Amino acid sequence: GQFFFTQQTTPSIFSVFACLAHFLIKLYVDFGEDQYGNLRLYVKREDMASYLGVTIESIIRMLKSFEKKGLIRIEGKLLKLKDISELRNISTGFKF
């Protein structure tokens, strides 16, 4: 796929995007998806932010960025991973 980050992206921002991508994949692997392809486990944006050590605003921006790139789909509280392969590429090298 296309390289997700621009040249202006700093290493710290890259690692936060990688961390979020890894977190979403981990939710997918650990809890699976429902019959419509949405993640089975709902995690509040606030809880994601707390777990990943970033602000809620940062989580919202990153999720919107992932959605704009076609990696995920968000409908209300539902979240679907649309391009797991690219999310894995983004998260490469990151482990909890």
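For the structure, check the block above.
Please read these numbers as outputs of a predicted model, since none were measured by experiment.

Concerning the nonpolar core
Grouped together as the largest cluster of nonpolar side chains are 24 residues, with contacts concentrated most on Leu-20, Leu-24, Phe-66 and Ile-72. In terms of residue count, helix H1 (residues 11–31) provides more of this core than any other element does, eight residues in total. If we ignore the near neighbours within four places in the chain, the residues touching Ile-72 are Leu-24, Leu-63, Phe-66, Glu-67, Leu-79, Lys-80, Leu-81, Lys-82 and Leu-87.

So, the side chain of Arg-45
Positionally, Arg-45 belongs in helix H2 (residues 45–52). Despite being buried, Arg-45 has no salt bridge partner; Glu-46 is the closest side chain of opposite charge, sitting 7.4 Å away. Apart from the residues within four sequence positions on either side, Arg-45 is in contact with Ile-56, Ile-59, Leu-63, Ile-74 and Gly-76.

So, the packing of aromatic side chains
Summed over the entire model, instances satisfying the criterion amount to two aromatic pairs. Summarising the aromatic geometry, the rings of Phe-17 and Phe-66 are spaced 5.7 Å apart at their centres and angled 55° between planes, so their arrangement reads as tilted. Of this pair, Phe-17 sits in helix H1 while Phe-66 sits in helix H3 (residues 56–68), and the two are 49 residues apart along the sequence. On the accessibility criterion, Phe-66 (0% relative accessible area) is buried. Taking the centre distance of 5.3 Å and the plane angle of 40° together, the rings of Phe-23 and Tyr-51 count as tilted. You can see Phe-23 sitting in helix H1 and its partner Tyr-51 sitting in helix H2, a full 28 residues away along the chain. Since its relative accessible area comes to 51%, Tyr-51 is described here as exposed.

Focus: helix H4 (residues 84–91)
Buried within H4 we find Ile-84, Glu-86, Leu-87, Ile-90 and Ser-91. Taken around the axis of H4, the buried residues stretch over an arc of 160°, which confines them to a single face.

Describing the environment of Gly-53
Position of Gly-53 relative to the elements: it lies in the loop between H2 and H3. For the pair Gly-53 and Val-16, spaced 37 residues apart in sequence, the C-alpha to C-alpha distance is 9.1 Å.

Thoughts on H3
If you check H3, its first and last C-alpha atoms are 18 Å apart, about what 13 residues at 1.5 Å a residue would give, namely 18 Å. Within H3, burial applies to Ser-58, Ile-59, Met-62, Leu-63 and Phe-66. All buried residues of H3 lie within an arc of 130° about the axis, which places them on one face of the element. Of the residues in H3, the exposed ones pointing more than 90 degrees away from the buried face are Arg-61, Lys-64 and Lys-68. Within two residues after H3, Gly-70 carries a phi angle of roughly 80°, on the positive side.

Calculation criteria
- Residues numbered from 1 in each chain as written.
- Predicted model: local features only at pLDDT ≥ 70, side-chain atom pairs only at ≥ 80, totals over all residues.
- Heavy atoms only, no water.
- Core = buried A, V, L, I, M, F, W, Y, C linked by side-chain atoms within 4.5 Å.
- Buried < 20%, exposed > 50% of the residue type's maximum accessible area, 1.4 Å probe, protein only.
- Helix = DSSP H or I, 4+ residues; strand = E, 2+ residues; numbered from the N terminus.
- Contact = heavy atoms within 4.5 Å.
- Lys, Arg positive; Asp, Glu negative; His and termini not counted.
- Salt bridge = Lys/Arg side-chain N within 4 Å of Asp/Glu carboxyl O.
- Phe/Tyr/Trp six-rings, centres within 6.5 Å; stacked < 30°, edge-to-face > 60°.
- Arc of directions from axis to C-beta.
- Expected span 1.5 Å × (residues − 1).

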